[in-house]
Amino acid sequence: MSDSPPDPSLSSLPIEQLVACHECDLLMRKPVLRDGESAECPRCGYELFSHRHHVVRRSLALVLTALLLYIPANFLPIMQLNLLGQTSQDTVWSGVIGLYDSGMQGIAVVVFLSSMAVPLLKLLCQLLVLLSIRIDFGRSYGLLLYRIYHHMREWGMLEVYLMGILVAMVKLMDLADLSLGLGLFCFIALLLVQVWLEVTMSPHQIWEALSGEDIHAGD
């Protein structure tokens, strides 16, 4: 079925009042939303954007929670292994050091970047972006940091690292006595908080707030 011709009245509207669907490229008039509402493409049903309640306050709370979880998640023991009378405790940081000392420096650097460095930089970027909106200061730097954050999103792979930990634990259970550490629960909590943050921190509202289109974003 052929696409319907574009509405000629759209050509007279300023670009700020237009929105294009990310899935089917349909150009349409940008709807005005109230709290809790979302806009969907009339052609393919893709959610264009949504307007959430107190997005900056809720996102700030989640970012601070994630930062508090970061240190115990990476430096507290994930598991304790007892093999032939020898006991060892492993953390994310000790795993990076172990890879480096065993001659796999390249893998150690990749693991460090994807599981520790990039997730921390992402959280710091999100924190500074939200603070620039909340206190209404330095929003031009907030725009730059938010662009940097979007470029780093694909490099933070905590879920991949968690899957590797779980697979290793399943394999080791038959070989040694294995007990879970507090670091593992903090690591899982950190991953869940970051997922929740991705859902809460609406990109549409953040871009509008940083550009000054939403003057009440920091309320």
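Nothing here was measured: the structure is a model prediction, and the numbers come from that model. (Residues numbered from 1 in each chain as written. Predicted model: local features only at pLDDT ≥ 70, side-chain atom pairs only at ≥ 80, totals over all residues. Heavy atoms only, no water.)

**A closer look at the overall build of the chain**
Secondary structure assignment for the chain yields 7 helices and 7 strands. In sequence order, the chain lays out its α and β elements as β-β-β-β-α-β-β-α-α-α-α-β-α-α. Expressed as a percentage of its 219 residues, the buried residues of the chain come to 38%. Considering only contacts within the chain whose residues lie at least 6 apart along the sequence, 59% involve residues at least 24 apart. When the accessible surface of the chain is summed, it comes to about 13,300 Å², and 64% of that surface belongs to carbon and sulfur atoms. (Helix = DSSP H or I, 4+ residues; strand = E, 2+ residues; numbered from the N terminus. Buried < 20%, exposed > 50% of the residue type's maximum accessible area, 1.4 Å probe, protein only. Contact = heavy atoms within 4.5 Å. Areas by Shrake-Rupley, 256 points an atom, 1.4 Å probe, with all protein chains shown as cover.)

**Here's the deal with empty space enclosed by the protein**
Which parts of space are left empty comes out when a probe the size of a water molecule is rolled across the atoms. Enumeration over the complete set of coordinates arrives at 1 cavity of 30 Å³ or more. By volume, the largest cavity is sized at about 40 Å³. Lining of the largest cavity is provided by K122, L123, Q126, Y149, Q194, L197 and E198. In terms of residue class, the lining of the largest cavity is built from 3 nonpolar, 2 polar and 2 charged. (1 Å grid on protein atoms, 1.4 Å probe; cavity = no way out; pocket = protein on both sides within 12 Å on 5 of 7 lines; lining within 4 Å. Points joined across faces, edges and corners; volume = space filled by probe spheres on them. Nonpolar A, V, L, I, M, F, W, Y, C, P; charged D, E, K, R; others polar.)

**Details of the UniProt feature "transmembrane region" (unreviewed entry) in the chain**
In this structure's numbering, the residues bearing the UniProt feature "transmembrane region" (unreviewed entry) are residues 60-84, 104-133 and 178-197. Summarising residues 104-133: 97% helix, 0% strand, and an end-to-end C-alpha distance of 43 Å. (UniProt positions renumbered as here; feature names shortened; annotations may be inferred.)

**Details of a nonpolar patch on the surface**
Where nonpolar side chains cluster on the molecular surface, the patch consists of I71, F75, W93, I97, V109, F112 and L113 and spans about 590 Å² of accessible area. Contributing elements (two or more residues each) for the nonpolar patch: α1 (55-75), α2 (92-101) and α3 (105-134). A per-element tally of the nonpolar patch places α3 first, with 3 residues. Counting through the fold element by element, I97 comes out in helix α2. Since its relative accessible area comes to 34%, I97 is described here as partly exposed. (Patch = residues over 30% accessible without salt bridge, like charges linked within 9 Å, V, L, I, M, F, W, Y side chains within 5 Å. Salt bridge = Lys/Arg side-chain N within 4 Å of Asp/Glu carboxyl O.)

**A look at the pattern of salt bridges**
Under the criterion given, the structure shown has 1 salt bridge. Ionic pairing is found between D136 and R139, a salt bridge with its closest N-O pair at 3.1 Å. On the basis of relative accessibility, which here comes to 53%, the residue D136 falls in the exposed class. We classify R139 as buried; its relative accessible area is 16%.

**Focus: helix α7 (residues 203-211)**
Within α7, the full set of buried residues consists of H204, Q205, I206, E208, A209 and L210. One or two steps after α7, the chain reaches G212, where phi turns positive at roughly 85°.

**Re unusual backbone geometry**
Positive phi outside glycine occurs at D136, with the angle close to 55°. Mapped onto the secondary structure, D136 falls in the loop between α3 and α4 (139-152).

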